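Residues per chain, in single letters:
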Amino acid sequence: MSEVSSARRDGIGVGVAVGVSGVAFGSAAVTAGLDVAQACVLSLFAFTGASQFALAGVVGGGGNLVAGTLGALLLGARNTFYGLRLADLLAVRGPRRWFAAHGVIDETTAVATAQRTPEGSRAGFYATFAGVYVFWNLTTLAGAAFTRQMADPSLLGLDAVGPATFLALLWPRFREPGTRQIAVLGAGIALLSTPFLPPGVPVLLSAVAVLAGFLRSGTRGPGRDLAEKESV
Amino acid sequence: MNLWIAVIATCVGCYALKIAGLAAPRRLLDHPGVRRFAALVPIALLSALIVVQTFGQGQSLTLDGPRLAGLGAAVAALLLRAPFLVVLLVAAAVTAAVRLLV
């Protein structure tokens, strides 16, 4: 099978598997005190799960809405980092870029960066975007409108799907020593800082692992190889 | 603050953060340091997400038995070179099964 079609199939698979967790968001949002329309607007237009859950969590806890919004944005800030990477992989210009930007999230980045060719990356990005977008929004509506009737998504084991997705997509790259080091360092930073920092900050902070990789690798680091390969 | 204002501010802000990276100026994207950082940063962030989503519960760390079993099964599937979608199915199925039984 060509890389493009396997990237497409994986992307849609991620879309279905991760998108179904929208049920959890929809029901969490309504339980927290948002109405169905507010839950759906967040899924349609914020479309970045961690930020949406963060805002709902603050609303539910009766917290300050300004702080809640800032917390949601802090969680969304990693999408800026992903965008820097995807800018070259997707190579989109003009109006298409405004459209593609909405799809810059964890899942699309994971699938796009796991492909070996630019065509595969683009196919994977758009397939994942489409799959997650459709399912996340449909299940948000279902979860919000029928909170009481919906089963708890953790009963289906869906809470393991997110981390399993990222693990499976990064897996082949763990064989590269430089990459593995950054992965271990990034994971360690996030894990150790979780008890001390607000949600979202530990994941952002893990970006420091890349800088450590810079210092150590000097001229022939993994990023340098990658950048060279792509510029050919 | 009205709840609708918070919802709209979150939507606008999240989109702005996404477009800020994707539409960063060419000169910035072409800088060798930025290129290397951008190439490697998804690895650090996605690895961090794996552990935070596996062990994190808000600001505390927990060991959720069924979820750990599911991820252990995913690792086993990866070692056996299972296809990607099979790995996801195995993770969900084992997590659900252990949760149901324990």
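Residues numbered from 1 in each chain as written. Chains lettered and ligands numbered in written order. Predicted model: local features only at pLDDT ≥ 70, side-chain atom pairs only at ≥ 80, totals over all residues.

By the naming in an unreviewed UniProt entry, chain B goes by AzlD domain-containing protein and is assigned to Bailinhaonella thermotolerans.

If you check an unreviewed UniProt entry, chain A appears there as Branched-chain amino acid ABC transporter permease from Bailinhaonella thermotolerans. A UniProt comment under Subcellular location (unreviewed entry) is attached to chain A, and it reads "Cell membrane". (UniProt positions renumbered as here; feature names shortened; annotations may be inferred.)

Participant: What am I meant to see in the overall build of chain B here?
Facilitator: Helix and strand counts for chain B come out as 5 helices and 2 strands. Going from N to C terminus, chain B has its helices and strands arranged as α-α-α-β-β-α-α. In summary, chain B has a C-alpha radius of gyration of 19 Å against a globular reference of 13 Å for 102 residues, an excess of more than 25%. Seen through its C-alpha atoms, chain B measures out along the principal axes to roughly 55 × 45 × 25 Å. Considering chain B as a whole, with its 102 residues, one finds that 49% of them fall into the buried category. Considering only contacts in chain B between residues 6 or more positions apart, those separated by 24 or more positions represent 39%. (Helix = DSSP H or I, 4+ residues; strand = E, 2+ residues; numbered from the N terminus. Rg over C-alpha atoms; globule rule 2.2 N^0.38 Å. Buried ≥ 20, exposed ≤ 12 C-beta atoms within 10 Å, placed from the backbone. Contact = placed C-beta atoms within 7 Å.)

Participant: How should the nonpolar core be read in this particular structure?
Facilitator: General note: in soluble globular proteins, nonpolar side chains tend to be found buried as a group. Core analysis: the biggest nonpolar cluster contains 108 residues, and A:Ala164, B:Ala44, B:Ala48, B:Ala74 and B:Ala91 have the highest contact counts within it. The leading source of residues in this core is helix H3 (residues 32-55) of chain B, at 15 residues. Composition of this core by domain shows at least three residues from each of domain 1 (3-155) and domain 2 (176-232) of chain A. Among all residues touching B:Ala48, those that are not within four sequence positions of it are A:Gly186, A:Ala187, A:Ile189, A:Ala190, A:Pro202, A:Val203 and A:Ser206. (Core = buried A, V, L, I, M, F, W, Y, C linked by C-beta atoms within 7 Å. Domains from an automatic or database assignment.)

Participant: Sorry if this is basic, but what is going on with the UniProt feature "transmembrane region" (unreviewed entry) in chain B here?
Facilitator: All names here are of chain B. In the numbering adopted here, UniProt assigns the feature "transmembrane region" (unreviewed entry) to residues 6-25, 37-56 and 68-101. From the first C-alpha to the last, residues 37-56 spans 26 Å; its make-up is 95% helix and 5% strand. Between the first and last C-alpha atoms of residues 68-101 the distance is 15 Å; the span itself is 88% helix and 0% strand.

Participant: Please clarify how unusual backbone geometry should be interpreted in this entry.
Facilitator: What is expected of a backbone is that most residues other than glycine have negative phi and most peptide bonds are trans. Here A:Ala91, not a glycine, exhibits a phi torsion of approximately 50 degrees, which is positive. For A:Ala91, the position within the fold is in the loop between helix H6 (78-90) and helix H7 (94-101). With a phi close to 60 degrees, B:Arg81 is a non-glycine residue in the positive phi region. With respect to the secondary-structure elements, B:Arg81 resides in the loop between helix H4 (65-79) and helix H5 (84-101). According to the C-beta neighbour criterion, B:Arg81 is exposed, with 9 such atoms within 10 Å.

Participant: I'm lost on the interface of chain A and chain B in this one. Help?
Facilitator: With 85 residues of chain A at the contact, the number on the chain B side is 63 residues. The dominant element in the side of chain A that touches chain B, judged by the number of residues it contributes, is H6(A), at 11 residues.

Participant: Got a minute to help me understand the UniProt feature "transmembrane region" (unreviewed entry) in chain A in this structure?
Facilitator: Residue and element names in this part refer to chain A. Mapped onto the present numbering, the UniProt feature "transmembrane region" (unreviewed entry) falls on residues 12-33, 53-75, 125-147 and 183-215. For residues 12-33, the end-to-end C-alpha separation is 32 Å, with 86% helix and 0% strand making up the annotated structure. Taken end to end, residues 183-215 is 73% helix and 0% strand, and its first and last C-alpha atoms sit 16 Å apart.

Participant: Help me out: how do you make sense of H4(B) in this one?
Facilitator: Side chains of residues three or four places apart in an α-helix project in the same direction, reflecting 3.6 residues per turn. The terminal C-alpha atoms of H4(B) lie 21 Å apart, and with 15 residues this matches the ideal 21 Å at 1.5 Å per residue to within 8%. Buried residues of H4(B): B:Pro66, B:Arg67, B:Gly70, B:Leu71, B:Ala73, B:Ala74 and B:Ala77, and no others. One side of H4(B) carries all its buried residues, which in axial view fall inside an arc of 155 degrees. Relative to its buried face, H4(B) has exposed residues pointing more than 90 degrees away, namely B:Gly65 and B:Leu79. Close packing links the buried residues of H4(B) with helix H10 (161-170) of chain A together with H3 and H5 of chain B. Of the residues one or two after H4(B), B:Arg81 is the one with positive phi, at around 60 degrees. (Expected span 1.5 Å × (residues − 1). Arc of directions from axis to C-beta.)

Participant: Could you clarify how one ought to interpret the domain arrangement of chain A in this entry?
Facilitator: When the parts come together, some accessible area is lost, and that loss is often what is quoted as the size of the interface. All names here are of chain A. Taken domain by domain, chain A holds domain 1 (3-155) and domain 2 (176-232). When each unit is reduced to the centre of its C-alpha atoms, the spacing between domain 1 and domain 2 is 23 Å. Each side of the interface is counted separately: domain 1 has 9 residues, and domain 2 has 8 residues. Of the residues that constitute the side of domain 1 that touches domain 2, the class distribution is 6 nonpolar, 1 polar and 2 charged. (Nonpolar A, V, L, I, M, F, W, Y, C, P; charged D, E, K, R; others polar.)

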